[in-house]
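Examining the three-dimensional arrangement
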Amino acid sequence: MPTVALLVFPGVQALDVSGPLDVFAEANRFLLPQQHYHLSVVGSTHAPVVCSNGMQIVPHLHYSAARENYDLLLAAGGPGLPQQERDALLSDWLAEAAHRAGRHGSICNGAFLLARAGLLGGKRVTTHWNDAAALARDFPEVEVDADRIYLRDGKLVTSAGVTAGIDLSLALLAEDAGQEVALNVAKRLVVFMQRSGGQSQFSPYLTPYAEETSLVGQVQHYVREHLQEKLSVDVLARVVSSSPRNFARVFARDARMTPAEFIESARVDAARVMLESSAAPLKTVAYRCGFRDASHMRVVFQRRLGISAQQYRDNFSAGADARRSAL
């Protein structure tokens, strides 16, 4: 019987726990008894664990008693986890247990637990989009890809925020038991077998914030007010009374992106707002946000977000919510 263990702690996100567990528990409906997953919830404390939403979880065992060679060992995440201090004893156990496990990984920002245990050095990982910058800052030896729903690097698996743990678990189930079993579980849970796009479609803004009086801030303000216009380096340099060459150099240094990259991000952000809040035709959205046409907007959305502008509207507009409610 394959064994799956999930590490939990006070303040854990309940969906980080229940989502993956339900995937493997539902899989048992479609597997022979000898193929059934055996699930264990491992606690960082001996007491019941209070989740971030107030729900209590009673772990099957304390980590100090978890000596099994698990087929899959996952660390859940939680809203306060990035700010928590490193627990040396827990980290030592996690490092040892992960090396013994067939596969190990994290749900959401549970990646911080793995990093504190020294398990992510030189690895490519993902985590919740809101915590990706902090993970990259605190652990510079880790390659953080903030736009993936889940990632695999050897025996290491990591997932994006919260419900992405279900996506990761379905992918691992497909590896273990086949695509048909995973698809049946996805149908049972009424989720997509594989979601379109990456995490960027869920983050509020692609463009970074800057002080309004700074060179970057002045340019950001001008760009947002003139999205329909031709915005070249020469034009933007005049806005801040700078030479084009010096402007491009200073902007790229301070904004950590080129002026062209910023302009494109600003146009995508503006289009996202219109797609969410209005029923304007795609060609109107494209024109108002400075894209050449609807086709150009679709290409940029596909490259930046992994989905088309129409798919974005279908997923996130108020009209989409109404349509889903009617189903």
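One structure accompanies this document, and this report is about it. (Residues numbered from 1 in each chain as written. Predicted model: local features only at pLDDT ≥ 70, side-chain atom pairs only at ≥ 80, totals over all residues. Heavy atoms only, no water.)

A look at the pattern of salt bridges
Inspection of the entire model under this criterion finds 14 salt bridges. The partner of R188 in a salt bridge is E26, with the nearest N and O atoms 3.2 Å apart. In this pair, R188 sits in helix α6 (residues 179-189) while E26 sits in helix α1 (residues 14-27), placing the two residues 162 residues apart along the sequence. The class of E26 is buried, set by a relative accessible area of 15%. Put simply, R103 and D176 hold a salt bridge, and the shortest N to O gap is 3.0 Å. Within this pair, whereas R103 is found in strand β7 (residues 103-106), its partner D176 is found in helix α5 (residues 164-177), the two being separated by 73 residues in sequence. (Salt bridge = Lys/Arg side-chain N within 4 Å of Asp/Glu carboxyl O. Helix = DSSP H or I, 4+ residues; strand = E, 2+ residues; numbered from the N terminus. Buried < 20%, exposed > 50% of the residue type's maximum accessible area, 1.4 Å probe, protein only.)

Some details on the packing of helix α12 (residues 294-305) against helix α13 (residues 309-316)
Closest axis-to-axis distance for the α12/α13 pair is 8 Å, and the angle between their directions is 65°. Our classification of the angle between α12 and α13 gives roughly perpendicular. Residue-level inspection shows M297, F301, Q302 and L305 of α12 in contact with α13, the latter providing A309, Q311 and Y312. A class-by-class count of the residues in the contact of α12 with α13 yields five nonpolar, two polar and no charged. (Axes fitted to C-alpha atoms, helices over the stretch in contact; angles between N-to-C directions. Parallel < 35°, antiparallel > 145°, perpendicular 65-115°, else oblique. Contact = heavy atoms within 4.5 Å. Nonpolar A, V, L, I, M, F, W, Y, C, P; charged D, E, K, R; others polar.)

Examining the environment of A97
Within the element layout of this structure, A97 appears in helix α2 (residues 88-100). Remark: the alpha-carbon pair of A97 and L73, spanning 24 residues in sequence, is separated by 7.9 Å.

Some details on the sheet that holds strand β2 (residues 38-43)
Pairing in this open sheet of seven strands is mixed, and the strands run β5-β2-β1-β6-β7-β11-β10 from one edge to the other. With one partner strand each, in any of the chains shown, β5 (61-62) and β10 (150-153) form the two edges of the open sheet. Where strand β6 (residues 72-75) lies against β7, four bridges are found, and the strand directions are parallel. Bridge pairing in β7 places A75 opposite S106. This element, α1, spans β1 (3-8), β2 and β6 of the sheet and lies at about 170° to β1. This element, α5, spans β6, β7, β10 and β11 (156-159) of the sheet and lies at about 145° to β11. (Pairing = 2+ DSSP bridges.)

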